[in-house]
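# Observations on the model geometry
Next come the chains, spelled out residue by residue.
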Amino acid sequence: MDDIDKMLIRLLQEDATQSYAVLGKAVGLSAGAAHERVRKLRERGVIRRTTIEVDPAAVGREVVAYVLVDGGAWMGGSAGRLAAVAAVEEAHVIAGPASVLLKVRTASTKELQDVLRQVFEVDGVTGTQSIVVLETFFERPVHIA
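Residues numbered from 1 in each chain as written. Predicted model: local features only at pLDDT ≥ 70, side-chain atom pairs only at ≥ 80, totals over all residues. Heavy atoms only, no water.

### Concerning the pairing of strand β3 (residues 100-106)
- In terms of burial, β3 is a largely internal element, six of the seven residues being buried.
- In terms of strand pairing, strand β1 (residues 63-71) meets β3 through seven bridges, oriented antiparallel. Looking across to β3, one finds that V67 is bridged to L102.
- In this structure, strand β2 (residues 88-93) lies alongside β3, joined through five bridges in antiparallel fashion. Looking at the pairing, V88 lines up with V104 of β3.
- What sits between β2 and β3 in their antiparallel hairpin is a turn of six residues, with G96 showing a positive phi close to 140 degrees. (Buried < 20%, exposed > 50% of the residue type's maximum accessible area, 1.4 Å probe, protein only. Helix = DSSP H or I, 4+ residues; strand = E, 2+ residues; numbered from the N terminus. Pairing = 2+ DSSP bridges.)

Here is the structure:
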């Protein structure tokens, strides 16, 4: 990945709706050459998807919690069951005081409680510990230097 690829990624992260003509002009390429670069970045998996960013509060998902999940055994095979819980935004196998770390976003603490019940139904889960976020200073996507 060269400097032009990195610049294209930064530009797309700022506004993924930009035309290839605009992207190309910004990096000194034709629209076709910019399109080809972006296509190759997608093929190589550097750009995984193009999406929009939604304000969680605007759609009623104001409660954020990080949930430490304890397991009686290796939890690495639980990804599918945890992904089936719609409110789980992220799931990570971790080293430390628990087996898995979840990022959960819900409309209320009552809904969070329902999510925790669903997590407890996953085979191997022996306990959870939740940390509820009171305020988010910032969230940052991966940025290319």
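Moving on from the coordinates now.
### Quick word on the sheet that holds β1
- Read across the open sheet, the four strands follow the order β2-β3-β1-β4; overall the sheet is antiparallel. This sheet does not close on itself; its edge strands, each paired only once, are β2 and β4 (125-132). Across the sheet, the mean angle separating the axes of adjacent strands is 20 degrees when strand polarity is ignored.
- In this structure, β1 lies alongside β4, joined through seven bridges in antiparallel fashion. Its bridge partner being in β4, D70 is matched across the sheet by G127.
- Contacts from helix α5 (residues 109-120) reach β1, β3 and β4, with the element oriented near 155 degrees to β4. (Axes fitted to C-alpha atoms, helices over the stretch in contact; angles between N-to-C directions. Contact = heavy atoms within 4.5 Å.)

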